[in-house]
Amino acid sequence: MARYIFQRVLYMFLTLVLIATFSFFLMKMLPGTPLTMEDKLSETQKEIILEKYGLDDPVPIQYLKYMAGLAQGDLGISFQFDNREVTDIILSRIGPSMQLGAQALLIGTALGMLLGLISAIYHNGFLDYSSTFVAVIGKSIPSFIFAGLLQYYVGLKLGWFPVALWGTWEHTVLPTIALAMFPIAIAARFMRTEMLEVLGSDFIQTARAKGVNKFGVVFKHGVRNALIPLVTVMGPLAISLMTGTLVIEKIFAVPGIGEQFVISITTNDFPIIMGTTLFFSFFFVFIILVIDLLYGIIDPRIRLAEGEK
Amino acid sequence: MRKTNWLLLGLALVLSMFLVACSGGSDNADGGDTGGEKSGEKSGEAAEGEPSGEQVLNITDSAEIPTMDPSLATDAVAFQWLGSTMDGLYRLGEDAELEPAIAKEHKVSEDALTWTFTLREDATWTNGDPVTAHDFVFAWQRAVNPETGSEYGPYMMNGVIKNAEAISSGEMPVEELGVKAVDDYTLEVQLEKPIPYFLSLTAFGTFLPLNQEFVEAQGDKFGLEANTILSNGPFKMTEWKHEEGWTLVKNEDYWDAEKVNLEKINVSVVKETSTRVNLYDSGEIDAAALSGEFVQQKAGSDELKVEEEPVLFYLKMNQQHEVLGNVNARKAIQMVINREDLVNVILANGSIPAVGDIPQNFVKHPETGEDFREINGPLIETNVEKAKELWAKALEEIGKDTVNLELLGGDSEVAKEMDAYLKAQLEQLEGLTVTVKPVPFKERLRLDTSMEYELQNAGWGPDYIDPNTFLNLWVTDGGNNKTGYSSEEYDALIEKANNEYATQPVKRFETFLEAEKMLIQEDAVIAPLYQRAVAKLWKPYVKGVITNPMGPDYTYKYAYIDKK
């Protein structure tokens, strides 16, 4: 197992190096420079400033310099936020994004699983249809619509929670709910489909025949087996939720990282583009690793297969 | 195993491609302007009431402050909050009048090349140090020093302050800059040539003083946190939570503290208009800038104020193109566009039709005080019939029946809508088809610089309060001309205004009037479209906020809350 993890971590870094390389060269194909006043500065002035930041070097040299810095954990300084270190920017912005993402993921999957479970147990009944309805709504209506509705009705009209801004836990309630709609829908759909399949399988019949009560059948034998496909989709879901969502963060004025991602590209803020790309990539490959390890815990068959290698 | 990793790599690649593909949607896609400029007008109510109730102003800004280092600042947000926490030699007051700040008075030499400023002796930094002439010398030298990497420093000072050009190119030591502290409270500035608008520059962010000892002690961290900045202005920043907001409190040691009423300004970063409106309606904030549909929704409200900005948008026409090289064709394009509908239906934010190269309420006649725009009047009119005639004539002269022109524009929603409208308007001209090409802001700049466009929807905001900032663009080989326009007569007028008449304000002004007529009416170099405005909600109890045409958008120094 230790060898397996070691190997995976090694591949992880190799992947990151490749991502860094591809992103760097693709990024350098963007038109323009990081200068804010590109339209007003004279060519000579532009050259002087670009020279100061080493942006006049040939791209391969810039790449080598960047990678050398990266190897020492230096992501460089931002152009958009003059002199501010990229690491500081990412670390200070990721907090709110992760908090919202984690809350939405927890609440969303828990609720979604519950909905899916109810659907499966009361298959084709009223409860099934209503929870399927909720899931379809959650999947098909974009989260910014929920966000807007929540902000207007719950925030402004009812005044139960703050309209927007950041600070206390109350401020996180509305954005969390808006963000959670998608995981609710996803979890409910998967849970329902899997549970229906699992509940119809032979070993459940056996368990029933042995006289295990309904509760035991559903939770001890059913849920655990239905979880596997859910775990597969949870990984990418966790990543997309926890790396910040542009729209929700904008609507609720959350000081997260979501928008930074896009702004850095439109302003040619090269160090931030690289920093956020690498950070998200790292997060991505890391979660994939965690998911693979989780499989082993949930599904004994996978654990066994790994052991044979 | 190997399979999984290839899959990972594939996914990662897709992810990084997505990153690059997202490069659209720049906020400033619809204009090449920088540091937010608005014309002098009072927001809030006229200053009739008096402060009552808690003197706290709650507002929002549209983005995080990129830096509080005046030498590095380039955008409206930074200049706004530098302007609220700092005083330069002069500062912008009501109606864009310059009022003495750190300078008590100034003298200009006979040849208009030496400006001597006498500084007040009671101004201090928030650490207790006095504000002296040395602080200006240090700050200005720092701004042009190539080591600093300032963009605005060389842009504002080159060709203005003696030796700035050579210093910013690294050919001369910074000590040679034409600015000297004669003693602690006397600042002597040597100019490269007479600059009639030099005083308005001294109110600009790049010309703010800096406390050398403090700046050097902070090193790379200067201007990045609330505790790594030093103020000498009406307010000081006590808290700065990045991307979330910041708090300013009254600076009790400010030399003019008795005029400052507000005790506290809370600023939150809110980027979404609907969010601002909801916060405003819930009473959490006292002002909210609006866009398109919200302006219509709030139309008729007493709290809605339209703040006109001296930022001009126009169609650039590349004269290297055989059709656009024809003056009648350009005149036809100027004349065929209905600007009223453009501002009322498409933009719907209070913007006004542009009928010249100088925005309205930007510069006044030095003696009569009449507005530049009013004196020269509308230089273009919409007349579809006449436009068609001119166009037919142009096509005849060129010997063509059909023409296809490419219109280069921004990629924001509004920009696309506007360009679609312009396409329809232009295609009223017989034989003309227009293809719209929406591109991101940086790409448009690249195509502009290399002149790879035919028609272009572009804009310009002023750098100082003087007609020269707009008219100087179009001289032969001007860095931002890029239309191929070259007229000896026009060049001579601009040259005359800036040299021969540098010390004769009336003659200079009249020369600019003449130049504008030549540019728009005779030579039809650009087709002006509209002058930008911002519609904003202000709670009725917020009073005395001054809107500025350049530099900081608002002056809060005299603002107060009147909750009676």
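All residue numbers refer to positions counted from 1 along the written sequence of the respective chain. Whichever chain is written first becomes A and whichever ligand is written first becomes 1, with later ones labelled in order. Totals for whole chains, interfaces and linings use every residue, but because this is a predicted model, local features are given only for residues with pLDDT of at least 70 and side-chain atom pairs only at 80 or more, for both listing and counting. Side-chain numbers come from the whole structure's heavy atoms, not from hydrogens or water.

Q: I would appreciate a short explanation of the overall build of chain A in the present structure.
A: Strands are runs of DSSP state E lasting at least 2 residues, helices are runs of H or I lasting at least 4, and numbering of each runs from the N terminus. A tally of regular secondary structure across chain A gives 13 helices and zero strands. Considering only C-alpha atoms, chain A reaches an extent of 85 × 60 × 30 Å along its principal axes. Working definition: with a 1.4 Å probe on protein chains only, accessible area under 20% of the residue-type maximum means buried, over 50% means exposed, and in between means partly exposed. Each of the 309 residues in chain A was classed as buried or not, and the buried ones make up 51%. Contacts are residue-level and defined by heavy atoms, with any inter-residue pair within 4.5 Å sufficient. Pairs at least 24 residues apart make up 71% of the contacts formed inside chain A by residues separated by at least 6 positions. Accessible areas in this description were obtained via Shrake-Rupley with a 1.4 Å probe; residue shielding takes into account the shown protein chains only. When the accessible surface of chain A is split by element, carbon and sulfur atoms take 69% of a total near 14700 Å². Taking the average place of the 22 positive charges on the side chains of chain A and the average place of its 23 negative ones, the gap between the two points comes to 12 Å. Under the counting rule used here, the positive set is Lys and Arg, the negative set is Asp and Glu, and His together with the chain ends is not counted. The atom standing in for a charge is NZ when the residue is Lys, CZ when it is Arg, CG when it is Asp and CD when it is Glu.

Q: Looking at this structure, how should I read the sheet that holds strand 9 (residues 235–241) of chain B?
A: Each strand in a sheet pairs with another by means of backbone hydrogen bonds, the pair being arranged parallel or else antiparallel. Residues and elements named next belong to chain B. When DSSP finds two or more bridges between two strands, those strands count as paired. As summarised here, the arrangement of the four strands in space is 2-11-10-9, forming an open sheet in which the pairing is mixed. Both edges of this open sheet fall to strand 2 (56–61) and strand 9, since each of them pairs with a single strand only. Neighbour-to-neighbour, the strand axes of this sheet turn through a mean angle of 20 degrees, independent of strand direction. Where strand 9 and strand 10 (residues 245–250) come together, six bridges link them in antiparallel fashion. Within the sheet, the bridge partner assigned to E239 lies in strand 10 and is T247. Only the contacting stretch of a helix is used when fitting its axis, a line to C-alpha atoms as for every element, and angles between N-to-C directions run 0 to 180 degrees. Those strands touched by helix 2 (residues 76–85) are strand 2, strand 9, strand 10 and strand 11 (264–269), and its axis lies near 20 degrees from that of strand 10.

Q: Can you help me understand the pairing of strand 8 (residues 186–190) of chain B in this one?
A: Each regular strand carries side chains that alternate between the two faces of the sheet. All names here are of chain B. Of all five residues in strand 8, four are buried, a share of seventy percent or more. One ladder, built from five bridges, connects strand 6 (residues 114–119) with strand 8; its direction is antiparallel. Note that in strand 8 the partner of T114 across the bridge is Q190. Two elements, strand 7 (residues 179–183) and strand 8, share four bridges in a ladder whose sense is antiparallel. Bridge pairing in strand 8 links A181 to L187.

Q: In this structure, what is going on with the domain arrangement of chain B? I would like to understand it.
A: Bear in mind that the domain bounds are from an automatic or database domain assignment. Partitioning chain B into domains gives domain 1 (9–223 + 539–561) and domain 2 (310–532). With centres defined by C-alpha atoms, the gap from domain 1 of chain B to domain 2 of chain B works out at 29 Å.

Q: I tried to follow the pattern of salt bridges on my own but got confused; where do I start?
A: When the charged atoms of two side chains with opposite charge come close together, those side chains can pair. Any carboxyl oxygen of Asp or Glu that lies within 4 Å of a side-chain nitrogen of Lys or Arg is treated as forming a salt bridge with it. Counted under the stated rule, the structure contains 24 salt bridges over all chains. For R142 of chain B, the salt bridge goes to D69 of chain B, with nearest N and O atoms at 2.8 Å. Placement of R142 of chain B in helix 3 (residues 133–144) and of D69 of chain B in the loop between strand 2 and helix 2 is noted, with a sequence separation of 73 residues between them. Its relative accessible area of 16% is what places R142 of chain B among the buried residues. On the accessibility criterion, D69 of chain B (1% relative accessible area) is buried. For K400 of chain B, the salt bridge identified is with E322 of chain B, shortest N-O distance 2.9 Å. Residue K400 of chain B is located in the loop between helix 13 (384–398) and strand 15 (403–409), and its partner E322 of chain B is located in the loop between strand 13 (304–317) and helix 10 (327–336); the two are separated by 78 residues in the primary sequence. Judged by its relative accessible area of 33%, K400 of chain B falls in the partly exposed class. Judged by relative accessible area, E322 of chain B falls into the partly exposed class, the value being 45%. When salt bridges that share partners are traced, they join R93 and E259 of chain A together with E243 and K271 of chain B into one network.

Q: Is there a simple way to think about the packing of aromatic side chains in this case?
A: Both the distance between ring centres and the angle between the ring planes are used here to describe each pair of aromatic rings. A pair of Phe, Tyr and Trp rings is counted when the ring centres sit within 6.5 Å of each other, with Trp represented by its six-membered ring. The angle between the planes then sorts it: under 30 degrees is stacked, over 60 is edge-to-face, the rest tilted. Under the counting rule described, the total for this entry stands at 32 aromatic pairs over all chains. Centre to centre, the rings of Y152 of chain A and Y153 of chain A are 5.1 Å apart; their planes meet at 90 degrees, and the pair counts as edge-to-face. A relative accessible area of 32% places Y152 of chain A in the partly exposed class. Summarising the aromatic geometry, the rings of F282 of chain A and F286 of chain A are spaced 6.0 Å apart at their centres and angled 15 degrees between planes, so their arrangement reads as stacked. Here F282 of chain A pairs with F286 of chain A, and both are found in helix 12 (residues 270–298), just four residues apart, close to one helical turn. Grouping aromatic residues by their ring pairs yields a cluster made of Y90, W115, F117, F136, W140, F198 and F207 of chain B. In this scheme, the term charge over a ring applies when either NZ of a lysine or CZ of an arginine sits within 6 Å of the ring centre and within 35 degrees of the ring normal. Note that K539 of chain B overlies the ring of Y280 of chain B, its terminal NZ or CZ placed 4.1 Å from the centroid. The residue whose ring lies beneath K563 of chain B is Y541 of chain B, and the NZ or CZ to ring-centre distance is 4.6 Å.

Q: What am I meant to see in the nonpolar core here?
A: One recurring pattern in soluble globular proteins: nonpolar side chains tend to sit buried together. All names here are of chain B. Throughout, nonpolar core names a set of buried Ala, Val, Leu, Ile, Met, Phe, Trp, Tyr and Cys residues whose side chains join them through atoms within 4.5 Å. Membership of the largest hydrophobic core comes to 145 residues, with the highest contact counts inside it found for W81, F117, W140, F198 and Y556. Among the elements that take part in this core, helix 3 stands out by supplying eight residues, more than any other. Residue-level mapping places this core at the junction of two domains, with at least three residues from each of domain 1 (9–223 + 539–561) and domain 2 (310–532). Apart from residues lying up to four places away in sequence, Y556 is in contact with L57, I59, Q80, W81, S84, F235, L262, I265, W538 and V545. Counting 35 residues, the second largest nonpolar core, distinct from the first, contains A387, L395, L422 and L426.

Q: Can you walk me through the sheet that holds strand 8 of chain B in this structure?
A: Residue and element names in this part refer to chain B. Read from one edge of the open sheet, four strands run 5-6-8-7, paired in antiparallel fashion. Edge positions in the open sheet fall to strand 5 (103–108) and strand 7, since each of these has one partner strand only. Direction aside, the axes of adjacent strands within the sheet are offset by 20 degrees on average. Taken strand by strand, helix 3 contacts strand 6, strand 7 and strand 8, and its axis lies near 165 degrees from that of strand 7.

Q: How should I be thinking about the interface of chain A and chain B in this particular structure?
A: By convention, interface size is frequently given as the accessible area that disappears when the constituent parts associate. On the side of chain B, 68 residues touch chain A, which itself brings 63 residues to the contact. Buried area: the accessible surface (1.4 Å probe) lost by two parts on joining, summed over both. Here chain A meets chain B over a buried area of about 5500 Å², counting both sides, of which 63% is carbon and sulfur. Area buried by chain A at its contact with chain B is led by D39, K40 and R84 of chain A, which between them contribute 13% of it. Where chain A packs against chain B, one counts three salt bridges. When the shortest N-O distance is used, the salt bridge between E243 of chain B and R93 of chain A registers 3.4 Å. What qualifies as a polar contact is a pair of N or O atoms within 3.5 Å, subject to a donor-acceptor requirement within protein and to the restriction that residues adjacent in sequence count only when both atoms come from side chains. The tally of links between chain A and chain B comes to eight residue pairs in polar contact (both at pLDDT 80 or more). If you list the elements that add at least two residues to the side of chain A that touches chain B, you get helix 1 (2–27), helix 2 (43–52), helix 6 (143–157), helix 10 (246–251), helix 11 (258–266) and helix 12 of chain A. Sorting elements by how many residues they give to the side of chain A that touches chain B places helix 1 of chain A first, with 11 residues. By residue class, the composition of the side of chain A that touches chain B is 32 nonpolar, 17 polar and 14 charged. For this classification, Asp, Glu, Lys and Arg are treated as charged, while Ala, Val, Leu, Ile, Met, Phe, Trp, Tyr, Cys and Pro are nonpolar and the rest, including Gly, are polar.

Q: What exactly am I supposed to notice about unusual backbone geometry here?
A: Peptide bonds are, in most cases, trans, and in most cases residues other than glycine have a negative phi. Residue and element names in this part refer to chain B. Notably, A112 is not glycine yet its phi reads approximately 65 degrees, a positive angle. The residue A112 is located in the loop between strand 5 and strand 6 in this model. What makes A112 buried here is its relative accessible area of 10%. A positive phi angle is found at D477, which is not glycine, with a value near 60 degrees. Structurally, D477 is set in the loop between helix 16 (468–471) and helix 17 (488–498).

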